Amino acid sequence: MLIYFLIFFLLLVLCLINYRKHSHILYVVGCALLIIVAGLRDISVGNDLEAYVLQFLEIINRTVDKESIEIIWGILNDSLRVISDDVRWFIFSTSFLSLFPLFLFIFKNSKQPSFSLLLFFIIQIGFCFYMTGLRQSLAMSLTVWAFYFFENKKYIFSSVFLALAVGIHASAIFCLPFLFLLKVDIKKNISVIILAISVLLGFIFRLDIFAFFKQILFLFPSFNFYEGYSDYYREMIPNFFGLFFSIVPLSVFAYFGITKQDDYFSRVLFYGTILNNVFASTPQLPRYFMYFTIFQIIVIPNIYKKLSNINKTVVLFAILVLIYYFFGVPYITGTTPYKFYSSGY
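Predicted, not measured: the structure shown is a model, and the values here were computed from it.

*Asks:* Even after reading the chapter, I still don't get the confidence of the model for the protein, so can you show me in this structure?
*Replies:* A low pLDDT means the predicted coordinates there should not be read in detail. Here the protein averages 87 in pLDDT, while 87% of its residues score no lower than 70. Ignoring residues within four places in sequence, the model shows residues 216-230, a span with pLDDT below 50, making 14 contacts including any to other chains.

*Asks:* What exactly am I supposed to notice about the packing of helix α2 (residues 24-39) against helix α6 (residues 87-109) here?
*Replies:* Two quantities define a packed helix pair, namely the angle between the helix axes and the distance between the axes. One can describe the packing of α2 onto α6 by two numbers: an axis separation of 8 Å at closest approach and a directional angle of 150°. Classified by the angle their axes make, α2 and α6 are roughly antiparallel. Regarding α2 and α6, the two cross each other, and that crossing is right-handed. Along the contact surface, α2 presents H24, Y27, C31, L34, I35, A38 and G39, while α6 presents R88, I91, F92, S95, F96, L99, F103, I106 and F107. Among the residues making up the contact of α2 with α6, the classes are represented as twelve nonpolar, three polar and one charged.

*Asks:* Help me understand the environment of V199 in this model?
*Replies:* Along the chain, the position of V199 falls in helix α12 (residues 188-204). As for V199 and V278, which are separated by 79 residues in sequence, their C-alpha atoms are 7.2 Å apart. In contact with V199, other than residues within four places in its own chain, are I247, S251 and N277.

*Asks:* Any chance you could explain the packing of aromatic side chains here in plain terms?
*Replies:* Working definition: an aromatic ring pair is given by the centre-to-centre distance plus the angle between the planes. According to the stated counting rule, one finds 43 aromatic pairs in the structure shown. Taken together, a centroid distance of 5.9 Å and an interplanar angle of 80° make the contact between F105 and F295 edge-to-face. On the criterion of sequence distance, the pair formed by F105 in helix α6 and F295 in the loop between α16 (290-293) and α17 (296-303) is long-range, its members being 190 residues apart. The same class applies to F105 as to F295, namely buried. When the centroid spacing of 6.1 Å and the interplanar angle of 40° are considered together, the rings of F279 and F289 count as tilted. Placement of the pair is F279 in the loop between α15 (264-278) and α16 and F289 in the loop between α15 and α16, with a sequence separation of ten residues. Each member of the pair, F279 together with F289, is buried. Lying over the aromatic face of Y19, K305 brings its terminal NZ or CZ to 4.7 Å of the ring centre.

*Asks:* How do you make sense of the nonpolar core when you look at a structure like this?
*Replies:* Across soluble globular proteins, nonpolar side chains have a tendency to be buried as a group. Counting 111 residues, the largest nonpolar core has Y4, F103 and F121 as its most contacted members. The element best represented in this core is helix α9 (residues 134-151), accounting for twelve residues.

*Asks:* Got a minute to help me understand the pattern of salt bridges in this structure?
*Replies:* Two side chains with opposite charge may pair up if their charged atoms get near one another. Applying the stated criterion across every chain yields a total of six salt bridges. Where E58 meets R81, a salt bridge forms, and the shortest distance between an N and an O atom there is 3.8 Å. Pair noted here: E58 is in the loop between α3 (49-56) and α4 (64-69) and R81 is in helix α5 (residues 71-83), with a separation of 23 residues, a long-range link. For E70, the salt bridge is made with R135, and the minimal N-O distance between the two is 2.8 Å. Highlighted residues: E70 in the loop between α4 and α5 and R135 in helix α9, separated in sequence by 65 residues.

*Asks:* Just checking my understanding: could you explain the packing of helix α14 (residues 244-260) against helix α18 (residues 309-328) for this structure?
*Replies:* At a minimum axis separation of 10 Å, α14 and α18 run at an interaxial angle of 150°. In terms of orientation, α14 lies roughly antiparallel with respect to α18. Crossing handedness for the pair α14 and α18: left-handed. Together, F244, F245, P249, V252, F253, F256 and K260 of α14 and N311, V314, V315, F317, A318, I319, V321, L322 and Y325 of α18 make up the contact between the two elements. Taken together, the residues of the contact of α14 with α18 break down into 14 nonpolar, one polar and one charged.

Cut-offs applied
- Residues numbered from 1 in each chain as written.
- Predicted model: local features only at pLDDT ≥ 70, side-chain atom pairs only at ≥ 80, totals over all residues.
- Heavy atoms only, no water.
- pLDDT = per-residue confidence, 0-100.
- Contact = heavy atoms within 4.5 Å.
- Axes fitted to C-alpha atoms, helices over the stretch in contact; angles between N-to-C directions.
- Helix = DSSP H or I, 4+ residues; strand = E, 2+ residues; numbered from the N terminus.
- Parallel < 35°, antiparallel > 145°, perpendicular 65-115°, else oblique.
- Left-handed = near helix turned anticlockwise from the far one by under 90°.
- Nonpolar A, V, L, I, M, F, W, Y, C, P; charged D, E, K, R; others polar.
- Phe/Tyr/Trp six-rings, centres within 6.5 Å; stacked < 30°, edge-to-face > 60°.
- Buried < 20%, exposed > 50% of the residue type's maximum accessible area, 1.4 Å probe, protein only.
- Lys NZ or Arg CZ within 6 Å of the ring centre and 35° of its normal.
- Core = buried A, V, L, I, M, F, W, Y, C linked by side-chain atoms within 4.5 Å.
- Salt bridge = Lys/Arg side-chain N within 4 Å of Asp/Glu carboxyl O.

Rendered as structure tokens:
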């Protein structure tokens, strides 16, 4: 836990310094710090990391259907093995490849990149998730560029980045219809109403769509779609059915994004938040919406200085909630306790 406190403190200092005066060097220092910590971690840091290492070493094989769809991930592993089959090389290279495109995206699109970096560190789909969900985090770092190029009418580049993302984690295909849907404008007052309804639906109905499917498909006893799965935080959070952390901060960010700026990235965040809220109680499903909700790390830093003092206080409250849960709730991602690489296969 100590290393996370130290990283948070350093990123906070960088954020405060850069809030008044931008320094590209300080941002690079923050990025390098996260890449080093992620790249030098032990196999035990991150729930899924050991399985990825075993696949890299060809000790275990992936299922045939995944290999046929997520072919880019297989090519990446083969390419890394050509250079070296050292586990340390695999962990560092995959950490770099997943984090660097996102950090470059932040640098290009955030008005307060160090602020974005701080948010990335504490959100539930941020740094700790990147240390456990290698494939999806890499796919997410590619899809942000797919959205960026699509918005800038560079459709070939957008298609290439999305195809690469799907070849790494098939869930990225979910982004395809939203590239077009997000071009549709919705009036601000209607957006606020939709957002409020999604919050109420999330808290009141607590929809578990997989449990619903299981009930209506009782004629098929072998059906076990995501049965037994849980999300990374919901079952461990002590209040409001574990939904406060999942719904409230993100909804606050989406509200200010859609009402104060309403640009393309704000709409991406808005739609992702709606889906996240409605299906917050469905195990694993919110992971499909990470490709949209990750834009909170761009939207909030871009609008923060425009907000009134009251609105800034609300945003800071949401950030404090994230900080509280980051340090106060054990990481179900398996990233604590942290230790540097000490053993291999």
